[in-house]
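What follows is each chain in one-letter form.
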Amino acid sequence: MSIVILGAALACNASAVAAQDGPECFSKFTKFNVCEKAREAQAGLAATLPMKMNANITMSTAIATGPRVIIAAVWNIDKAEFDARLKANNTTVADLASKMDIATKNSVCSLDVMAAFVRLGGQVQYLYRTLDGTIVMSPLVAAC
């Protein structure tokens with residue numbers, strides 16, 4: 001009985017949130033609510049976190065704000081090590097950011113569901129931070 005009440009309360013809360021969504025939440029082509037889908041994607045992703053993306057990066061949190069899903073990822077090095085690696089590879093933050101922008105777009109847009117979400121007006125952003133909390137990159141995918 002309490003599960004049914006909880007489910008009804010959550011459904012009412014979701015309806016109230018959707019009713020408060022502004023014009024930025026609705027596709028220009030349809031009445032599709034991208035903010036609602038962003039919240040659904042965030043909830044599904046958050047349940048799987050933390051998740052190792054590779055040996056150096058761990059996806060730690062996901063939030064939804066308006067039509068955007070923001071995924072925080074931690075690089076398993078501190079800012080000083082990040083800078084040292086850039087210098088050792090004779091590259092700049094701008095060069096690395098450019099490569100990460102392309103890789104992030106390719107990754108998001110290669111997934112059919114995410115590509116459809118973005119095409120309808122949704123956005124996916126990654127915030128890459130170092131172990132000591134410095135955000136070093138924040139690629140945004142707003143088009144596929």
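Residues numbered from 1 in each chain as written. Predicted model: local features only at pLDDT ≥ 70, side-chain atom pairs only at ≥ 80, totals over all residues. Heavy atoms only, no water.

### Digging into the nonpolar core
(1) Moving on: Judged by nonpolar contacts, the single largest core of 24 residues is most densely connected at W75, F82 and Y128.
(2) Moving on: Of all the secondary structure elements, the ones that give two or more residues to this core are α2 (34-46), β2 (57-65), β3 (68-75), α3 (79-88), α4 (93-109), α5 (112-119), β4 (123-129) and β5 (135-137).
(3) Moving on: Looking at which element gives the most residues to this core, the answer is β3, with 4 residues.
(4) Moving on: Contact partners of F82, with chain neighbours within four places excluded, come to W75, I77, V93, L96, T130, V136 and M137. (Core = buried A, V, L, I, M, F, W, Y, C linked by side-chain atoms within 4.5 Å. Buried < 20%, exposed > 50% of the residue type's maximum accessible area, 1.4 Å probe, protein only. Helix = DSSP H or I, 4+ residues; strand = E, 2+ residues; numbered from the N terminus. Contact = heavy atoms within 4.5 Å.)

### Some remarks on the state of the cysteines
(1) Moving on: Applying the stated rule across the entire model yields 2 disulfides.
(2) Moving on: There is a disulfide in this structure between C25 and C35, and the S-S distance comes to 1.9 Å. Sign of the S-S torsion, about -80° for the bond between C25 and C35, identifies this disulfide as left-handed. On the criterion of sequence distance, the pair formed by C25 in the loop between α1 (2-20) and α2 and C35 in helix α2 is long-range, its members being 10 residues apart.
(3) Moving on: Residue C35 is classed as buried on the basis of its relative accessible area of 1%. (Disulfide = S-S within 2.5 Å.)

### Here we look at the pairing of β2
(1) Moving on: Taken together, the 2 bridges between strand β1 (residues 51-52) and β2 define a ladder with antiparallel strand orientation. Across the sheet, the residue bridging to K52 is T58, located in β2.
(2) Moving on: What sits between the antiparallel neighbours β1 and β2 is a turn of 4 residues.
(3) Moving on: One ladder, built from 8 bridges, connects β2 with β3; its direction is antiparallel. Bridge assignment links T65 to a residue of β3, and that residue is R68.
(4) Moving on: Between β2 and β3, which pair antiparallel and follow one another directly, the connecting turn spans 2 residues, one of which, G66, has a positive phi of 60°. (Pairing = 2+ DSSP bridges.)

### Description of the pattern of salt bridges
(1) Moving on: Counting across every chain of the model gives 4 salt bridges.
(2) Moving on: Among the salt bridges present, the one from R39 reaches D21, with a minimum N-O distance of 2.9 Å. Linking R39 in helix α2 with D21 in the loop between α1 and α2, this pair joins segments that are 18 residues apart in sequence.
(3) Moving on: Among the salt bridges present, the one from R85 reaches E81, with a minimum N-O distance of 2.9 Å. On the criterion of helical spacing, the pair formed by R85 and E81 is a turn pair, its members being 4 residues apart in helix α3.
(4) Moving on: Residue class for E81 comes out partly exposed when judged on its relative accessible area of 35%. (Salt bridge = Lys/Arg side-chain N within 4 Å of Asp/Glu carboxyl O.)

### Brief notes about the packing of aromatic side chains
(1) Moving on: This structure, assessed with the given rule, holds 3 aromatic pairs.
(2) Moving on: Ring centres of W75 and Y128 lie 5.5 Å apart, and the angle between their planes is 45°; on these two criteria the pair is classed as tilted. Pair noted here: W75 is in strand β3 and Y128 is in strand β4, with a separation of 53 residues, a long-range link. Neither W75 nor Y128 differs from the other in exposure class; each is buried.
(3) Moving on: Aromatic side chains Y126 and Y128 sit 5.8 Å apart centroid to centroid with 10° between the ring planes, which places their arrangement in the stacked category. Both residues of the pair, Y126 and Y128, count as buried.
(4) Moving on: A connected cluster of aromatic rings, assembled from ring pairs, spans W75, F82, Y126 and Y128. (Phe/Tyr/Trp six-rings, centres within 6.5 Å; stacked < 30°, edge-to-face > 60°.)

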